[in-house]
Amino acid sequence: MSQARDHGVDHQPVRPFGNRVAGSRASALRRAVAQPAVGRPLLPVLVVALVVSADLAGGAGMIWLPLLAAGPALAATTNGPLGVLCVGFLAAALGVTLGIRDGVPLRELSAVLSALAAVTLASGLASTLRGRRERVLAAVRSVAETAQHALLRPVPSTVGPFQVAVRYSAAAAEARIGGDLYALIPTPHGVRLIVGDVRGKGLPAVGTAALVLGVFREAAHDEADLLAVVDRIERSLARNLGHDDFVTAVVAGYPRAGHLEVVNCGHAPPLLVRASGGITAVEPTHPAPPLGLRALTGHTPGLQALPFADGDQLLLYTDGVTEARDGDRSFYPLAEGLKRHVSHEPAATVGALHDELLAHVGGRLHDDAALLLIRKPAARLAEAEAPGAGDLGPTAPAPVREARCCS
């Protein structure tokens, strides 16, 4: 799913939300800088002053006086009705003064002042309508941001035994909401997480993302088997999606110490960062179709077991990251970027990746982008940061196995 919005994430975004705070501060700074220009008609007054200066320098009278109407017309774009009227009154007073000084005939001067009054009244009305539209837009953005909080809930910096960082940016930065999804929750069966990408954009994609997240949050608590969680999501999408709709997703779980389970449904492979420094893509051993398309292919996902020791990290992301292009149409090299910026602080790593991604595309993403990074710190650190949320049992190897086909 720019601005981007931040969620501890961006967006922006991310528009979870470590940097929702940063985004709020940036917005407050922009408002503080813009407030003097909005409250005081500096530019319109400057335009009127230039017209007066031109008239005083040239003494051309009627050639310059009609241009005084530019003052209130410009004020309508930055000021409220009162500011427009004040600029219009100033322009009229100066117009009368200059007209008398230049000996402009009364009939012609009256015509100029009548036109100036008409422009001022029209500009005042336009300013009123603009103010109403801005208030409506602000309300819509507020609703979108509330929906974003409900859909993509803020992720704390520590979940169970993991350090966590998320960054999300919606391509529709003005709406502050998009079609990518993520969630990370502690359950009786260990920490479970999902990162996905809904086909399409706009409100239909947001509705599908809400459906997937709702089913995931419920099934993650109820189902002991991670494949059963995926099956629940698949059945729900099969009932509710159209034939051409689908969701790519990676669902992962940490059922016991040192043991990570991954189910990939047509999504980009996560990047595994070992404590030793190696970075590998977790390619699915049993490729499966995106969620919502299983009935068309007959393929079922497999459960992939990975060792996940202290210091290891896992980065999940959406294709808005890897398919972001620069001016030369080159894709963003996520693995290389991760190698450059990986650290012991997930928030710093994800923040650096997001900043580099924006620099790569020139400041604006054309698709929703989500990054979710988890890191398993040393056992003592994990217990200190999340008391009572430690590992759930001894390490035990688990082979890759096929999902049971569901009706």
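What you are looking at is a predicted structure, and each value in this text was computed from that prediction instead of being measured.

1. Let's talk about the overall build of the chain
The helix and strand inventory of the chain stands at 12 helices and 12 strands. Entry remark: accessible area of the chain is about 18,700 Å², with carbon and sulfur atoms responsible for 63%.

2. Structural notes on the packing of aromatic side chains
Taken as a whole and assessed by the stated rule, the structure comprises four aromatic pairs. Plain terms: the ring middles of Phe162 and Tyr254 are 4.8 Å apart, the flat faces sit at 70 degrees to each other, and that makes the pair edge-to-face. Taken together, the positions of Phe162 in strand E2 (residues 162-169) and Tyr254 in strand E5 (residues 247-256) put the pair 92 residues apart, joining distant regions of the chain. Judged by its relative accessible area of 1%, Phe162 is buried. A relative accessible area of 3% means that Tyr254 is categorised as buried. With a centroid separation of 5.9 Å and an interplanar angle of 65 degrees, the aromatic rings of Phe162 and Phe308 are classed as edge-to-face.

3. A short note on the confidence of the model for the chain
Confidence in the prediction for the chain averages 80 pLDDT; 78% of positions are at 70 or higher. With pLDDT under 50 throughout, residues 1-38 is counted as low confidence; its partners more than four residues away or in other chains account for 137 contacts. Scored below 50 in pLDDT, residues 385-407 makes 59 contacts in the model with residues more than four places away or belonging to other chains.

4. Some points on the pattern of salt bridges
This structure, assessed with the given rule, holds nine salt bridges. Put simply, Glu134 and Arg130 hold a salt bridge, and the shortest N to O gap is 3.0 Å. Pair noted here: Glu134 and Arg130 are both in helix H5 (residues 106-151), with a separation of four residues, about one helical turn. Using a relative accessible area of 45% as the deciding quantity, one classes Glu134 as partly exposed. Each of Asp222, Glu223 and Arg232 takes part in one network of salt bridges that share partners.

5. Examining the pairing of E2
When you tally the buried positions in E2, you get eight out of eight residues, the bulk of the element. Of the two faces of E2, the one carrying Phe162, Val164, Val166 and Tyr168 and the one carrying Gln163, Ala165, Arg167 and Ser169 are both buried. The pairing of strand E1 (residues 158-159) with E2 spans two bridges and is classified as antiparallel. Among the inter-strand pairings, Val159 is bridged to a residue of E2, identified as Phe162. Taking the residues between adjacent antiparallel strands as the criterion, E1 and E2 are bridged by two residues, where Gly160 takes a positive phi near 60 degrees.

6. Concerning a nonpolar patch on the surface
The grouping of Leu43, Leu46 and Leu50 at the surface amounts to a nonpolar patch, some 300 Å² of accessible area in total. Relative to the elements of secondary structure, Leu46 occurs in helix H2 (residues 42-58).

7. Details of the sheet that holds strand E11 (residues 369-375)
Judged by pairing direction, the sheet is antiparallel, and its six strands sit side by side in the order E1-E2-E11-E10-E7-E8 without closing on themselves. Because the sheet does not close on itself, it has two edges, and the strands there are E1 and strand E8 (279-281). With three bridges joining them, strand E7 (residues 271-273) and strand E10 (residues 313-317) adopt antiparallel strand pairing. Bridge assignment links Leu272 to a residue of E10, and that residue is Leu314. Together, E7, E8, E10 and E11 form the strand contacts of helix H10 (residues 334-341), whose direction differs from that of E7 by roughly 20 degrees. Where helix H11 (residues 346-361) meets the sheet, it contacts E2, E10 and E11, and its direction lies at approximately 20 degrees from that of E2.

8. With respect to the pairing of E5
Along E5, nine of the 10 residues are buried, which leaves the element largely enclosed by surrounding structure. As defined by bridge partners, E5 adjoins strand E6 (residues 259-265) across six bridges and the pair is classed as antiparallel. Within the sheet, the bridge partner assigned to Ala252 lies in E6 and is Val262. Hairpin connection of E5 to E6: two residues between the antiparallel strands, including Gly258 at a positive phi of 75 degrees.

9. Considerations on the packing of helix H3 (residues 70-78) against helix H4 (residues 81-102)
Where H3 meets H4, the axes come as close as 8 Å, and the angle between the chain directions of the two elements is 170 degrees. Between H3 and H4, the angle falls in the class roughly antiparallel. Touching Gly71, Pro72, Ala75 and Ala76 of H3 are Val84, Val87 and Gly88, all from H4. Partitioning the contact of H3 with H4 into residue classes produces five nonpolar, two polar and no charged.

Conventions used here
- Residues numbered from 1 in each chain as written.
- Predicted model: local features only at pLDDT ≥ 70, side-chain atom pairs only at ≥ 80, totals over all residues.
- Heavy atoms only, no water.
- Helix = DSSP H or I, 4+ residues; strand = E, 2+ residues; numbered from the N terminus.
- Areas by Shrake-Rupley, 256 points an atom, 1.4 Å probe, with all protein chains shown as cover.
- Phe/Tyr/Trp six-rings, centres within 6.5 Å; stacked < 30°, edge-to-face > 60°.
- Buried < 20%, exposed > 50% of the residue type's maximum accessible area, 1.4 Å probe, protein only.
- pLDDT = per-residue confidence, 0-100.
- Contact = heavy atoms within 4.5 Å.
- Salt bridge = Lys/Arg side-chain N within 4 Å of Asp/Glu carboxyl O.
- Pairing = 2+ DSSP bridges.
- Patch = residues over 30% accessible without salt bridge, like charges linked within 9 Å, V, L, I, M, F, W, Y side chains within 5 Å.
- Axes fitted to C-alpha atoms, helices over the stretch in contact; angles between N-to-C directions.
- Parallel < 35°, antiparallel > 145°, perpendicular 65-115°, else oblique.
- Nonpolar A, V, L, I, M, F, W, Y, C, P; charged D, E, K, R; others polar.

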